[in-house]
Amino acid sequence: MRTIKYTTCFVLAVALILLMSIPSLGAPATIKKSVQALEDGNYIIKMTVTASSDAIYAFELKDPTGSIVDVFASKGWCILSDGEVCLSRTSGSPITGGKSIEFVIHATSSDAKYVWTFFGPMQQIGKSEVL
């Protein structure tokens, strides 16, 4: 009787862990954010983007608050911004599965909720996510 209870608890725990991990398995990338305050009241925000499995050739970053002043991309990437939307693209330096690239954002706010959309060579990968 005791082993049946332990087995049942174990199976339920494994099922719960698998159920909770399903959304993270579908994410095209993970993003780590670090913020550094500048003397003039602005912020430097470093975003480290790590591809989950599919190679990332482009991304769109939306800032509903319009706090982006400037953006800086890694070598091989081109990035443009108008303060509210950033578009970034590469042809020869994609972020491959498990690899990371760092992007730097100069912004007027440190707590903006960025909306990320990732693209493969020809199509969108996954759904848009909020960081």
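As shown above, the structure is provided for reference.
Please read all numbers here as calculations on a predicted model, not as lab measurements.

From N to C terminus, the protein includes one helix and nine strands. Written out in order from the N terminus, the α and β elements of the protein read α-β-β-β-β-β-β-β-β-β. Taking contacts inside the protein between residues at least 6 apart in sequence as the whole, the part at least 24 apart equals 63%. Counting only carbon and sulfur atoms, one obtains 61% of the accessible surface of the protein, whose full area is about 8,300 Å².

Let's shift gears to the nonpolar core. Within the largest apolar cluster, 24 residues are counted, with the highest numbers of intra-cluster contacts made by V49, I56, I105, Y114 and W116. At the level of secondary structure, the elements contributing two or more residues to this core comprise β1 (29–37), β2 (43–51), β3 (58–62), β4 (68–72), β7 (100–107) and β8 (115–119). Beyond its immediate sequence surroundings of up to four residues, I56 is in contact with P28, A29, V49, A51, W77, T90, P94, I95, F118, F119 and I125.

With the rule as written, the count across this model stands at six aromatic pairs. Note on F59 and W77: the rings are 5.9 Å apart at their centroids and 35 degrees apart in plane angle, and the pair reads as tilted. Of this pair, F59 sits in strand β3 while W77 sits in the loop between β4 and β5 (78–81), placing them 18 residues apart in sequence. Like F59, the residue W77 is buried in the burial classification. Pairing F59 with F103 gives two aromatic rings, centres 4.9 Å apart and planes at 80 degrees, and the pair type is edge-to-face.

Before going further, it helps to examine the pairing of β2. Pairing of β1 with β2 involves nine bridges; the strand directions are antiparallel. Paired with K32 across the strands is T48, a residue of β2. Counted between consecutive antiparallel strands, the loop separating β1 from β2 contains five residues, among which G41 sits at a positive phi close to 90 degrees.

What counts, and where the lines are drawn
Within any chain, residue numbers begin from 1 and follow the written order of that chain's sequence. Selection of residues for local features in this predicted model requires a pLDDT of at least 70, selection of side-chain atom pairs for listing and counting requires 80 or more, and totals for whole chains, interfaces and linings are taken over all residues. Computation of side-chain values covers all heavy atoms of the structure but excludes hydrogens and water. To qualify as a helix, a DSSP run of H or I must reach at least 4 residues; to qualify as a strand, a run of E must reach at least 2; elements of each kind are numbered from the N terminus. Any two residues whose heavy atoms approach within 4.5 Å are treated as being in contact. Exposure was quantified through the Shrake-Rupley algorithm and a 1.4 Å probe, taking into account, for residues, occlusion by the shown protein chains and nothing else. Side-chain atoms within 4.5 Å link the members of a nonpolar core, which is a set of buried Ala, Val, Leu, Ile, Met, Phe, Trp, Tyr and Cys residues. Accessibility here uses a 1.4 Å probe with only protein chains present; expressed as a share of the type maximum, an area under 20% marks a residue as buried, one over 50% as exposed, and anything in between as partly exposed. For this analysis, a ring pair means two rings from Phe, Tyr or Trp (six-membered ring only for Trp) whose centres lie within 6.5 Å, classed as stacked if their planes differ by under 30 degrees, edge-to-face if by over 60, and tilted for the remaining angles. Paired strands, as defined in this entry, are two strands with at least two bridges between them according to DSSP.

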